[in-house]
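# A structural walkthrough
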Amino acid sequence: MTSHILLAVEILTVIIGISGMILYHTRKPSSLPGALNQLLWIGPSIRHTYRVRYGPVFRMVLRNHHVIVITSAEAIRNALFADHHLLSAHIEHYENAYIACNDPSLYQRLYATNAHRIFPILDHRLSRRAVDGITPGFAAQVFHTLKLLSNTHSVSLKQSLTEPLYVAASTILFGSRFSPDTYHDFVTFNQSIPARLCRRPFWFLPSSRARKRLLNHISQYLDEAGSTAADDKLAASFIDAFREHNIPLKESAPVILLLMVSHYGNMFNTVLWLMTSLLADPVAFSAVRNEIDKGVREVFGGIQPFLAEASPTSLNSESFVLLNSAILETLRMNAVLTSLRIAQRDFDLRDDEGTIPIYKDDYIMLDVRAAHRCENSYPDGDKFIFDRFVSKEYESDITSAAGKPFFALGAGKHLCK
């Protein structure tokens, strides 16, 4: 999924840069304990304080649950590559299912469908080798939606950045039959997710209604796909998998909604932080903007050829080295994902300085944010340095981070698996 998300952010940034347009107008639990869930979402500063005091690995006790917080890059890497029979991520997936579906009896099947049906499709169809084949027209759709928004009386910066991505990505993933009018329902539902996961009191009715409308639209979309041969693109592979394994709409619709939450949520966060970081640094903004102007002119021959030809391959070049570096730096600084695993048996986890004893039923919290800001790997790790990943010889966007801890958006082993 990384290639498509990076492409989306690159294209939107290039378009904005060209146009100069920032629109203003002890048993395995079935659910995650509340205290742990809140620590995942609101605990980075707490975990940073503990890391400074106790080192890169420390043990906490929350509501009688033993939690081992790991901020060491080597230990995180080894945990991510551990067999799921050793460290299971099922409880995290059940929590994800909770936000999309109110029926706990379906959580295990939703997890199995995602893990064994959807992830393999995404790995294959959105890989760097294959993603060029499904992205033609993406840039043109982003630009078209931006133009429509420019005629709107009042548009927030957030909407001007995220709605074009939502519309273009939906077209790429689901074809033209998936309505772009679902954007506002998605945003309403997406904003409620932290409160839902933390079990915090909130006025749930607007987001619940938005979720219901989204699920109804997805169900109708999947149902109608059975009798048409429309431009379903990537979604055709999902639909074939659902049919092959007799997965009903009641289960397949929440699976698609979860895919949208993870895919669009990552894009939205990345592009918002990228643009705010560049706007806050005039030197960085000017350098990236000048590179974009020159790159589009020399590589594509102008804006119209760019809109028609932009792809991961064409953008992954030394002509856009500062843009790619700024995106990687944004991912490094703002990857707040904290992955959680449960130990299925006693074992020793390898670390830089030896081994970490892990006991059955321990919660293992992988804190990538701390690893990304480690001063030994990234000097001035708390600062946005737009050209941090620029090397003397350009390699490629992701391999620019080779040899350093970098766990954002599946760059390496997927944290969500």
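Preceding block: the structure.
Residues numbered from 1 in each chain as written. Predicted model: local features only at pLDDT ≥ 70, side-chain atom pairs only at ≥ 80, totals over all residues. Heavy atoms only, no water.

The general pattern is negative phi for most residues beyond glycine and trans for most peptide bonds. Phi at aspartate 361 takes a positive value of approximately 75°, unusual for a residue other than glycine. Inspection of the secondary structure puts aspartate 361 in the loop between β6 (354–358) and β7 (363–367). The backbone of aspartate 380 shows a phi angle near 55°, a positive value even though the residue is not glycine. The residue aspartate 380 is located in the segment after α18 (368–372) in this model. Relative accessible area serves as the criterion here: at 39%, aspartate 380 is assigned to the partly exposed category. (Helix = DSSP H or I, 4+ residues; strand = E, 2+ residues; numbered from the N terminus. Buried < 20%, exposed > 50% of the residue type's maximum accessible area, 1.4 Å probe, protein only.)

The next point concerns the packing of aromatic side chains. Evaluated as defined, the whole model comprises 14 aromatic pairs. Ring geometry for tyrosine 94 against tyrosine 111: centres 6.1 Å apart, planes inclined by 80°, an arrangement best described as edge-to-face. With a gap of 17 residues between them, tyrosine 94 in helix α5 (residues 90–100) and tyrosine 111 in helix α6 (residues 107–125) connect regions that are remote in the sequence. For tyrosine 111, a relative accessible area of 21% puts it in the partly exposed group. Between tyrosine 264 and phenylalanine 268, the aromatic rings sit 6.4 Å apart at their centres with planes inclined by 20°, giving stacked as the arrangement. Here tyrosine 264 pairs with phenylalanine 268, and both are found in helix α13 (residues 249–279), just 4 residues apart, close to one helical turn. (Phe/Tyr/Trp six-rings, centres within 6.5 Å; stacked < 30°, edge-to-face > 60°.)

Let us look at the packing of helix α14 (residues 282–300) against helix α17 (residues 321–334). At a closest axis distance of 8 Å, the pairing of α14 and α17 adopts a crossing angle of 135°. When the axes of α14 and α17 are compared, the pair comes out oblique. Counting all contacts with α14, which are made through Ala287, Val288 and Glu291, the residues of α17 involved are Val321, Leu322 and Leu323. Tallied by class, residues from the contact of α14 with α17 come to 5 nonpolar, no polar and 1 charged. (Axes fitted to C-alpha atoms, helices over the stretch in contact; angles between N-to-C directions. Parallel < 35°, antiparallel > 145°, perpendicular 65-115°, else oblique. Contact = heavy atoms within 4.5 Å. Nonpolar A, V, L, I, M, F, W, Y, C, P; charged D, E, K, R; others polar.)

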